[in-house]
Structure formats: C-alpha cells, structure tokens
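Listed below, chain by chain, are the residues.
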Amino acid sequence: MKRLLALLPVVAGCAMPESQLAPASTSAAAPAPREAAAPRYSAATELMGYLARVRSMSEAQLLGEAARQRRASDDLARVKAALALTLAHGEESEIVALAEPIAKRAGGDAEVKAMAGFLHAMAADRRRLRESAAAASARLRDERRAQEAMKQKADAASERAAQLQQKLDALTEIERSLSDRQVPNR
C-alpha cells in the first residue's frame with residue numbers, strides 16, 4: 001500500500017517526498033492528509049508583482065487602475081493606487097493623500113507602511129522639484145526681460161550716439177566750410 005501511495009504523486013505529475021505521505025496502517029483508513037494552503041505572499045512580494053504588471057500600462061490605463069484600487073478600503077490597495085498614480089505622473093497631492101496616512105499610522109503591515117513612506121517621500125520630492133523648476137523658470141523669464149530691456153536701452157543709446165555723431169559731423173563740416181572761406185583783408 002505504501003508503494004502505491006508513493007507512486008500516486010508521480011503518476012499525477014507532482015512528486016511528493018515520502019515524508020509527506022501518510023504512514024500505511026493496517027487499521028481503518030487513515031485520515032486524508034491536509035492539502036497545503038496556497039502560499040501567502042508578503043505585501044512586498046505582492047507590491048513588486050503589481051509594479052511589474054502595471055509598469056507597461058499607458059497613462060490612461062494607469063489612471064483607471066488607480067481609480068479601481070482607490071475603491072478598495074485596505075491599505076495595500078491604497079498603496080497600489082498611489083503606485084499607479086506615481087507611474088502615471090499623477091498629481092503629487094493625490095499620491096500624498098493616499099500614502100501619508102498609511103505611512104504615519106502606528107501598527108499595520110511594516111512592508112506596506114515602508115512602501116507608503118517611500119511613495120510619500122517621492123511625491124514630496126517631485127513636488128519640491130516641480131516648485132523649484134517653476135521658480136527657476138520665473139527667474140529665467142525675469143532675467144530675459146531685464147536683458148531685453150538692457151538691449152533696448154543699449155540700442156537706444158547706440159541710436160542716440162549715431163545721431164549725435166551725425167550732428168557733430170555736420171557741425172565739423174560747417175566749421176570747415178566756414179574756415180575755407182577766406183575772410184577778405186581790409
């Protein structure tokens with residue numbers, strides 16, 4: 001009987017170590033071995049699998065996925081929504097709104113909190129960079145205006161200098177013509 005039980009998994013296509021086989025007994029049928037529960041993945045593994053699945057989505061698909069995940073009330077789904085929004089280059093305020101409460105909450109799954117904290121920090125950094133870029137753009141625009149104003153002043157000064165040079169040349173010509181005239185001696 002033990003040999004028959006050992007051959008059954010091989011025939012079914014999945015080898016099972018003998019240590020997991022129920023010992024053969026001469027008494028009534030032994031209770032059936034409990035089937036192994038499906039392996040539970042850690043939150044980190046699930047998030048990495050989710051990231052691998054959604055990273056090839058278009059922006060519209062990512063926004064739809066974020067909306068779908070937002071409807072769920074658990075922390076893992078909210079972190080997935082924040083992750084999808086991050087990949088879709090969504091608004092930082094939405095990402096922060098999803099991730100910050102999870103990152104700051106006491107207790108809960110440490111892996112989910114760690115990813116929420118990471119997404120929160122990334123969104124805050126993106127916000128700072130965007131604000132810094134906007135400020136730099138405003139400074140550049142102001143500098144360009146100032147440079148254009150200086151150029152206009154320089155052009156006006158150059159034009160004025162050209163006009164004054166023409167007047168000076170005209171006066172010099174008049175002076176020459178006057179000096180060329182001989183004053184008659186008396």
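The rules behind the values
Each chain carries its own residue numbering, running from 1 in the direction its sequence is written. Only residues with pLDDT of 70 or above have their local features reported here, since the model is predicted, and side-chain atom pairs are shown and tallied only from 80 upward, although totals for entire chains, interfaces and linings are computed over all residues. Excluded from the side-chain calculations are hydrogens and water; all other atoms, namely the structure's heavy atoms, are used. Secondary structure is summarised from DSSP: a helix means a run of H or I of at least four residues, a strand means a run of E of at least two, and numbering begins at the N terminus for each. Any two residues having at least one pair of non-hydrogen atoms within 4.5 Å are treated as being in contact. Calculation of accessible area relied on Shrake-Rupley with a 1.4 Å probe; when residues are assessed, cover is drawn exclusively from the protein chains displayed. The span one expects for a helix is its residue count, reduced by one, times 1.5 Å. The buried label goes to any residue with under 20% of its type's maximum accessible area, the exposed label to any with over 50%, and the partly exposed label to all in between, with areas taken from a 1.4 Å probe on protein chains only. The directions considered for the arc run from the helix axis to the C-beta atoms. Confidence scores labelled pLDDT are given residue by residue by the predictor and lie between 0 and 100.

Can you help me understand the overall build of the protein in this one?
Scanning the protein from terminus to terminus reveals six helices and zero strands. Taking contacts inside the protein between residues at least 6 apart in sequence as the whole, the part at least 24 apart equals 54%. When the accessible area of the protein is evaluated, it comes to approximately 14300 Å², of which 57% is carbon and sulfur surface.

Help me understand helix α2 (residues 43-54) in this model?
Spacing of three or four residues puts side chains on the same side of an α-helix, whose turn is 3.6 residues. Counted at 1.5 Å a residue, the expected span for α2 with its twelve residues is 16 Å, and the 16 Å between its end C-alpha atoms agrees. By the burial criterion, the buried members of α2 are Ala-43, Leu-47, Tyr-50 and Val-54. The arc enclosing the buried residues of α2, seen along the axis, measures out at 60 degrees, which places them on a common side. Looking at the buried residues of α2, the elements they touch are α3 (59-71), α4 (75-87) and α6 (110-180).

Got a minute to help me understand the confidence of the model for the protein in this structure?
Note that predicted coordinates carrying low pLDDT should not be read in detail. Across the protein, pLDDT averages 79, with 76% of residues at or above 70. Predicted confidence in the protein is weakest over helix α1 (residues 2-12), with a mean pLDDT of 36, and strongest over α6, with 92. Note that pLDDT drops below 50 for residues 1-38; the model gives that stretch nine contacts with residues more than four away or on any other chain.

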